[in-house]
Amino acid sequence: ETGVTQSPTHLIKTRGQQVTLRCSSQSGHNTVSWYQQALGQGPQFIFQYYREEENGRGNFPPRFSGLQFPNYSSELNVNALELDDSALYLCASSLPLGQGVHEQYFGPGTRLTVT
Amino acid sequence: DAKTTQPTSMDCAEGRAANLPCNHSTISGNEYVYWYRQIHSQGPQYIIHGLKNNETNEMASLIITEDRKSSTLILPHATLRDTAVYYCIARPLPNFGNEKLTFGTGTRLTIIP
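Every value quoted in this text rests on a predicted model; they were computed, and no experiment measured them. (Residues numbered from 1 in each chain as written. Chains lettered and ligands numbered in written order. Predicted model: local features only at pLDDT ≥ 70, side-chain atom pairs only at ≥ 80, totals over all residues. Heavy atoms only, no water.)

## Focus on the overall build of chain A
Let me state the cut-off plainly: Put simply, DSSP marks the helices as runs of H or I at least four residues long and the strands as runs of E at least two long, and each gets a number from the N terminus on. Every radius of gyration here is taken over C-alpha atoms, with the globule rule written as 2.2 Å times N^0.38, N being the number of residues. Categorising residues by exposure relies on relative accessible area from a 1.4 Å probe, with only protein chains included: less than 20% of the type maximum marks a residue as buried, more than 50% marks it as exposed, and the intermediate range marks it as partly exposed. Throughout, the Shrake-Rupley method with a 1.4 Å probe supplies accessible areas, and for residues the shown protein chains are the sole cover considered. Positive charges are assigned to Lys and Arg, negative charges to Asp and Glu, while His and the chain termini are left out of the count. By convention, the point assigned to a charge is CZ for Arg, NZ for Lys, CD for Glu and CG for Asp.
Looking only at helices and strands, one finds 0 helices and 11 strands in chain A. Computed over the C-alpha atoms, the radius of gyration of chain A is 14 Å, within 12% of the 13 Å expected from 2.2 N^0.38 for a compact globule of 115 residues. Dimensions along the principal axes, computed over C-alpha positions, put chain A at roughly 45 × 25 × 25 Å. Evaluated residue by residue, chain A yields a buried proportion of 51% over its 115 residues. Surface summary for chain A: the accessible area is close to 5400 Å², and the carbon and sulfur share equals 48%. Within chain A, one finds 7 positive and 9 negative side-chain charges whose respective centroids are separated by 8 Å.

## Overview of the sheet that holds strand β4 (residues 45-50) of chain B
The pairing of strands in a sheet happens through backbone hydrogen bonds and is either parallel or antiparallel. All names here are of chain B. Convention followed: Two strands qualify as a pair provided DSSP detects at least 2 bridges between them. Here an axis means a line fitted to C-alpha atoms, over the contact stretch when the element is a helix, while the angle between two N-to-C directions is reported on a 0 to 180 degree scale.
Across the sheet, 5 strands lie side by side as β1-β9-β8-β3-β4; this open sheet has mixed pairing. Here the strands that pair on one side only, and so sit at the sheet edges, are β1 (9-13) and β4. This sheet shows a mean twist of 25 degrees between the axes of neighbouring strands, independent of strand direction.

## Section: the confidence of the model for chain A
This is how the line gets drawn: The predictor reports its confidence for every residue as pLDDT, a score running from 0 up to 100.
Of all residues in chain A, 92% have pLDDT values of 70 or greater, and the mean over the chain is 91. Predicted confidence in chain A is weakest over strand β6 (residues 53-57) of chain A, with a mean pLDDT of 89, and strongest over strand β11 (residues 110-114) of chain A, with 98.

## Structural notes on the interface of chain A and chain B
Here is the rule: Whether two residues touch is decided by their heavy atoms; if any such pair falls within 4.5 Å, the residues are in contact. The salt bridge criterion pairs a side-chain nitrogen of Lys or Arg with a carboxyl oxygen of Asp or Glu, the two atoms within 4 Å. Distance and chemistry together define a polar contact, namely a pair of N or O atoms within 3.5 Å, with one atom able to donate a hydrogen and the other to accept it when in protein, and with adjacent residues in sequence counting only for side-chain atoms on both sides. Polar here means any residue outside two lists: the nonpolar Ala, Val, Leu, Ile, Met, Phe, Trp, Tyr, Cys and Pro, and the charged Asp, Glu, Lys and Arg; Gly therefore counts as polar.
Taken residue by residue, the interface counts 23 residues in chain A and 22 residues in chain B. Seen at the junction of chain A and chain B, the total is 0 salt bridges. Between chain A and chain B we count 4 residue pairs in polar contact (both at pLDDT 80 or more) in total. For the side of chain A that touches chain B, the elements supplying multiple residues, two or more each, are β4 (31-37), β5 (44-50) and β9 (87-94) of chain A. In the side of chain A that touches chain B, the residues fall into 10 nonpolar, 12 polar and 1 charged.

## Considerations on the environment of leucine 62 of chain B
Residues and elements named next belong to chain B. With respect to the helices and strands, leucine 62 occurs in strand β6 (residues 61-64). Taking the relative accessible area as the measure of exposure, leucine 62 reaches 0% and is therefore buried. Ignoring anything within four residues of it in the chain, the contact list for leucine 62 reads Val33, Trp35, Ile48, His49, Gly50, Asn54, Glu55, Ser71 and Thr72.

## Focus: the sheet that holds strand β2 (residues 18-23) of chain B
Residues and elements named next belong to chain B. Spatially, 4 strands are ordered β2-β7-β6-β5 in an open sheet, and the strand pairing comes out antiparallel. A strand with exactly one partner marks an edge of an open sheet, and here the two such strands are β2 and β5 (55-56). In the sheet, β2 pairs with strand β7 (residues 70-75) via 6 bridges, with the strands oriented antiparallel. Its bridge partner lying in β7, asparagine 23 is registered against serine 70.

## Here we look at the state of the cysteines
Put plainly, two cysteines are in a disulfide when a covalent bond ties their sulfur atoms together. Stated precisely, the cut-off is as follows: Criterion for a disulfide: a pair of cysteine sulfur atoms within 2.5 Å.
Summed over the entire model, instances satisfying the criterion amount to 2 disulfides over all chains. The residue that forms a disulfide with cysteine 23 of chain A is cysteine 91 of chain A, at a sulfur-sulfur distance of 1.8 Å. Where cysteine 23 of chain A bonds to cysteine 91 of chain A through sulfur, the torsion about that S-S bond is close to -55 degrees, and the disulfide is left-handed. Taken together, the residues cysteine 23 of chain A in strand β3 (residues 19-24) and cysteine 91 of chain A in strand β9 connect sequence positions 68 residues apart. Take cysteine 23 of chain A and cysteine 91 of chain A: they sit in the same class, and that class is buried. Covalent S-S linkage joins cysteine 22 of chain B and cysteine 88 of chain B, the inter-sulfur distance amounting to 2.1 Å. Judged by the torsion about the S-S bond (-80 degrees), the cysteine 22 of chain B/cysteine 88 of chain B disulfide is left-handed. Of this pair, cysteine 22 of chain B sits in strand β2 while cysteine 88 of chain B sits in strand β8 (residues 84-92), and the two are 66 residues apart along the sequence.

Here it is as structure tokens:
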């Protein structure tokens, strides 16, 4: 069983550009969540996807958007990048409710730097 | 989700028990206490969760006070690999559309050789 994987590992973008981050969920997991973690802070919830639909969103503007695909992999898109978007972006997946201990499995993250 | 309060940092000697406290005085009846940890340069990792009874698994024990206003995570024999930031989270059991975890700043635990 493979864990949650994310790509790329690191990324440098310029202010105003757009970025796409990718996540492959753990096998059998149908819910994926995205978090932003600024330096020295805990992760902040961006949104989650369940069965390919956004199903819960944190306090992030619409320029943060996402997709979930039929194989439960996911993308996080950020438009019009700002300097404050520099952070570690974490993806987490979880089993359908009722299957096993309901925890979230996190990937290693993508470190985004906006200059 | 109820607010949780944790000490900013703690040290523990290798081989000793590490006891990490968490205050959640406004926790509601349907909220569980979850613990995650984040080792440097990795994503958070689930440790344990509980409602009101003490819980134990292969990683740790969770002691919740009878009034549920506070809890303690216990790592029975800390190793250097347990050096990490530990997050205490109070939240309802997840259901469809409610997977959100609300992280604070956590406790930075350093295991001293």
